[in-house]
Amino acid sequence: MLEDAFSAYKGPYIAGRVAAQHKTVCEILIPGAMIQAAISGAMRRIGKQPVVGDFVVLLDQTELNSYTIVDILPRKTCLARGSPGDGSEEQVIAANIDTIFIVTAVGKDQNLRRLERYLTIVYSSGAKPVILVNKIDLVDDTAQVIKETQDIAGDVPVITISALSKNGLDALLPYINPDETVALIGSSGVGKSTLINTFFGETIQKTMGVREDDDKGRHITTVRQLFLLPNGGIFIDNPGIRKIQLGDSSDGIERTFSDITDLAHNCRFKNCTHHDEPHCAVRNAVQQGLITQERLASYHKLTDELVFQSEKAELGLKRLEKKKYKGMTQSARKYREFTGK
Ligand SMILES: Nc1nc2c(ncn2[C@@H]2O[C@H](COP(=O)(O)OP(=O)(O)OP(=O)(O)O)[C@@H](O)[C@H]2O)c(=O)[nH]1
Ligand SMILES: [Zn+2]
């Protein structure tokens, strides 16, 4: 697919992958090297902003010792969050991630509701979720933890590990494949950094040290966010991914709560919200103990948030349209002034 997209470019154009992004320049991984490239003015004018993980088209002007990003290839998957504050649009954080490890932990850091939230985010990104239950060294009975997690996860793989004592990490290997991209998400304190150090550790530290000066001998302070693993797999870690929130992701919710959405077909009303409508199959299931009250509450909470997000998005769209319309009337006025009509 990417080859097709790229075949439109010939001559001095090469392909690369964004390893870190700033406002006007990016660090780009090209075969055998890491380079810096400026984002073309044309792209900036239309607000096309590359993100980490993007495959981009670069204009290679070797004689000028410069690279310019001129296009972004279609994104296979797209990790985004609803923008905080009064912003309206989704904010893309990273692109083309194949597998996302959702890191959770046992003990006080175990939170099944948060796990539903993360599953929703991952599903809507298009990436494949894998759940890692960390700190397994802290419990005697892992069976119960696995069961509780699996009940929520459906057919998503659940892997128990201890990042600290390096237990169970081999089970991650099947998900690290050449030319595939993986990333980690999870709440603060579940052990992401520890896992990165013990599992990806050595490789990443080596990659970070690849080039500390740019061509002019200046020190580069950027923190690279995309790392090449020894087997050709790629790992992405960036602050945005660490702070991800629920975005605009209705199909994510449907897949996360497929038990609820399946049951909903049997509710009397097609648009049943499972709050207080009569003959609600979902609330029936809760009464029979097939679905926990907490899970239904979590479903309601996430659905409410989503409605809020999409209303916000619509509002933003209207604002944008108004602005565009204003722009059009202004240029029409200028045109009339110019032509005297
Ligand atoms: N017992 C136990 N403790 C762990 C394990 N993995 C991490 N920890 C501890 O949990 C604490 C938090 O770990 P971090 O790796 O900093 O967690 P994090 O997810 O990166 O947190 P943020 O940086 O805030 O996002 C540290 O004190 C770790 O030593 C584990 O497998 N077992
Ligand atoms: Zn219902």
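Here the structure is a predicted model, which means the values were calculated and not measured.

**Topic: the coordination of the zinc ion (ligand 2)**
Step number 1: Every protein donor of the zinc ion (ligand 2) is listed here as Cys267 (SG), Cys272 (SG), His274 (ND1) and Cys280 (SG), and their distances to the metal cover 2.1 to 2.4 Å.
Step number 2: Between the 4 donor atoms coordinating the zinc ion (ligand 2), the angles at the centre fall across 104 to 115°, so the site counts as tetrahedral.
Step number 3: Between consecutive donors of the zinc ion (ligand 2), the numbers of intervening residues give the motif C-x4-C-x1-H-x5-C. Each member of the pair Cys272 and Cys280 is classed as buried.

**Let's talk about the pairing of strand β9 (residues 128–134)**
Step number 1: Within β9, 6 of the 7 residues are buried, which leaves the element mostly enclosed by the surrounding structure.
Step number 2: As paired elements, strand β8 (residues 99–105) and β9 share 7 bridges and run parallel to each other. Bridge assignment links Thr104 to a residue of β9, and that residue is Val133.
Step number 3: As judged from the 3 bridges shared by β9 and strand β10 (residues 158–160), these two strands associate in the parallel manner. Note that in β10 the partner of Leu132 across the bridge is Ile159.

**Quick word on helix α3 (residues 112–125)**
Step number 1: Between its terminal C-alpha atoms α3 stretches 20 Å, which fits the 20 Å expected from 14 residues at 1.5 Å a residue.
Step number 2: Turning to α3, its buried residues number three or more, namely Leu115, Glu116, Tyr118, Leu119, Thr120, Ile121, Val122, Tyr123 and Ser125.
Step number 3: Near the N-terminus of α3, the side chain that reaches the backbone nitrogen of Arg113, with its oxygen 3.0 Å away, is that of Asn111.
Step number 4: Two residues or fewer after α3 comes Gly126, characterised by a positive phi angle close to 95°.

**Considering the site of ligand 1**
Step number 1: Around ligand 1 sit 16 residues in total, of which Asp137, Ser188, Lys192, Ser193 and Thr194 are the nearest.
Step number 2: A distance of 3.1 Å is found between an oxygen atom of ligand 1 and a side-chain nitrogen or oxygen belonging to Ser162.
Step number 3: Within the side chain of Thr194, one N or O atom sits 2.6 Å away from an oxygen atom of ligand 1.
Step number 4: The element that contributes the greatest number of residues to the shell around ligand 1 is helix α5 (residues 192–208), accounting for 3 residues.
Step number 5: Partitioned by chemical class, the residues of the shell around ligand 1 number 4 nonpolar, 8 polar and 4 charged.

Thresholds, definitions, all that
Residues numbered from 1 in each chain as written. Chains lettered and ligands numbered in written order. Predicted model: local features only at pLDDT ≥ 70, side-chain atom pairs only at ≥ 80, totals over all residues. Heavy atoms only, no water. Donors = N, O, S within 2.8 Å, 3.2 Å for Na, K, Ca; no water. Tetrahedral: all angles 85-135°; square planar, octahedral: opposite > 155°, others 65-115°. Buried < 20%, exposed > 50% of the residue type's maximum accessible area, 1.4 Å probe, protein only. Helix = DSSP H or I, 4+ residues; strand = E, 2+ residues; numbered from the N terminus. Pairing = 2+ DSSP bridges. Expected span 1.5 Å × (residues − 1). Polar contact = N/O pair within 3.5 Å; in protein donor to acceptor, adjacent residues only side chain to side chain. Near = heavy atom within 4 Å. Nonpolar A, V, L, I, M, F, W, Y, C, P; charged D, E, K, R; others polar.

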